[in-house]
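Chain by chain, the residues:
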Amino acid sequence: MPTTEKEYNGYLFDQLSILERIEAVTDDEKALKQIEIERKQIERKLYQKPPLIMD
């Protein structure tokens, strides 16, 4: 489990990178549609307002 918001964001960016690599090598429309859904969910967590920790 991440200990800081910065570390958690790093994990989310890693997940986005994985999706980008998979997207680059597939032509399957169903897979591409699912990748887009996953990307939106990750970005919603990454760019949430307000942030997890209020300083």
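A short tour of the structure in this document, coming up. (Residues numbered from 1 in each chain as written. Predicted model: local features only at pLDDT ≥ 70, side-chain atom pairs only at ≥ 80, totals over all residues. Heavy atoms only, no water.)

Relative to the assigned elements, arginine 39 resides in helix H2 (residues 29-46). The contacts of arginine 39, once residues within four sequence positions are left out, are Leu16, Leu19, Glu20 and Glu23. (Helix = DSSP H or I, 4+ residues; strand = E, 2+ residues; numbered from the N terminus. Contact = heavy atoms within 4.5 Å.)

This part is about the nonpolar core. Residues Leu12, Leu16, Leu19, Ile35, Ile42 and Leu46 constitute the largest nonpolar core, which totals six residues. Elements that contribute at least two residues to this core include exactly helix H1 (5-25) and H2. Setting aside chain neighbours within four positions, we find leucine 19 in contact with Ile35, Glu38, Arg39 and Ile42. (Core = buried A, V, L, I, M, F, W, Y, C linked by side-chain atoms within 4.5 Å. Buried < 20%, exposed > 50% of the residue type's maximum accessible area, 1.4 Å probe, protein only.)

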